[in-house]
Structures are given as structure tokens and as C-alpha cells.
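# Understanding the architecture of this molecule
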Amino acid sequence: MKTQLFIIAAVASTAGAFSVSNDSCARRQFLQTASTAAASTLLFPTIASAEIVVPEQSKEYEFPSDFGLTYSYETDAAKVRAHMVTATGLAKGSDRMEDFGKNLKKEMIEFVSYYRRFPQVAGKPSFSTLYTSINVLAGHYTSYGYKYPLPEKRRKRLYQEYAEIDKSLKRSR
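Everything numeric in this text was worked out from a predicted model, so none of it was measured. For every chain, the first residue of its written sequence is number 1, and the numbers climb from 1 along that sequence. Thresholds applied to this predicted model are a pLDDT of at least 70 for local features of residues and 80 or more for the giving and counting of side-chain atom pairs; totals over whole chains, interfaces and linings are not thresholded and use all residues. Hydrogens are left out, water is left out, and the side-chain values use all remaining heavy atoms of the structure.

Moving on to the overall build of the protein chain. Helix and strand content of the protein chain: seven helices and zero strands. We count a stretch as a helix when DSSP gives it H or I for four or more residues in a row; a strand needs E for two or more, and each element gets its number in order from the N terminus. From first element to last, N terminus to C terminus, the protein chain shows the α and β order α-α-α-α-α-α-α. We call a residue buried when its accessible area falls under 20% of the maximum for its residue type, exposed when it is over 50%, and partly exposed in between, using a 1.4 Å probe and counting protein chains only. Expressed as a percentage of its 173 residues, the buried residues of the protein chain come to 33%. Accessible surface area values rest on a Shrake-Rupley calculation with a 1.4 Å probe, where residue burial reflects the displayed protein chains alone. In the structure as shown, the protein chain presents an accessible area of about 11000 Å², 56% of it carried by carbon and sulfur atoms.

Written as C-alpha cells, this is what we have:
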């Protein structure tokens, strides 16, 4: 629906650009076209933006036993992302939440300190987005500790970044 409205607004804003007009109407036509294009851009920012569903926080999860790196970027990035998704979804009072947070923070630090040394990896979109997510989650742990869940606004942002990371990893980028 948004895509169709965006296309209609774009066509309507450019239709007058191809009509013959005199100089007195040129300024009015330009302002009308520019304002319509600006309004359509603001109202319909991007076609590709999808609504991210933020799952409810849960106390039930399986404590992972595979913390640490394998030193294969794609494998490690997917594993760190999966652990971060689990951590983002934990509710207050989850079993072994503090242990999970400590192990995850150690894994995130190890991941960043190892892979940022390689320019061919550090330049990938998946790495830069994952690095941003790691900073957000590590900053939360530093400020609030391991026992407190992430606020809803931060969780939504992280789930958006996780979706981007997943997309980039599937494309080997």
C-alpha cells in the first residue's frame, strides 16, 4: 500500500514538469513540484523499510554451551548474533541471566578485538552493523549490569540491526 501511494505521489509531482508553461508560472510550478516531492519523501521514507516485530521478553531459554570463537567470520558472526538475540529477549529474573550476560560480553569483546584487525572483514556491512549492536548491548551491561533487561526502545533498535546483520550475512557481505 505504501509503495503504491509513493508511486502515485511521485508521478503526480513530476507530471507538471513535462507540460509547456510560460515564465510566470514556472516558479509556481517548481514550488508545487518540489513541495509534493518533499512531502512524499517525508511521508513515505523508503519502500524497503519493513516493520520489525519485537518479541515479548521471556524467562525461558536454553543456556548455550558454545561461547567462544571458531575464527571463521561467517560462523562467528552468526553465533554472536544468535547469542545477542537471546540476550535481548531475556526478561528480568531469567535463570542464569547474569552468567549468560558475562559470557556474552566476553564473547563480544573477543569477536570485535579479533576481527577488527582484518580490513577485508572490518569493511563488511555485517561487521559494522554487528559492531554497533555489540556496543549497544555492552553499553547496557556496563551501565545497568547483567540482571536488568533492555528497555523496549533499545530492544526494537537491536532487533532491526539483527535483521540487517542476518540479511548481510546471507549475502556474504
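What follows continues from the structure just given.
The next point concerns the pattern of salt bridges. Between Lys or Arg on one side and Asp or Glu on the other, a salt bridge is scored when a side-chain nitrogen of the former is within 4 Å of a carboxyl oxygen of the latter. Counted according to the given criterion, the structure contains seven salt bridges. Linking D99 and R96 is a salt bridge whose minimum nitrogen-to-oxygen distance equals 3.8 Å. Judged by relative accessible area, which is 43%, R96 ranks as partly exposed. Through salt bridges with shared partners, a single network forms among E98, K102 and K147.

Below, the discussion takes up the nonpolar core. By convention a nonpolar core is built from buried Ala, Val, Leu, Ile, Met, Phe, Trp, Tyr and Cys residues, the set being connected through side-chain atoms within 4.5 Å. M84, M108, F111 and L137 are the most contacted members of the largest nonpolar core, which totals 30 residues. Going through the elements one at a time, α3 (73–88), α4 (97–115), α6 (125–144) and α7 (152–170) are the ones with two or more residues in this core. Apart from the residues within four sequence positions on either side, F111 is in contact with L69, Y73, D76, A77, V80, F127, L130 and I134. Contact criterion: two residues are considered in contact whenever any of their non-hydrogen atoms come within 4.5 Å of each other.

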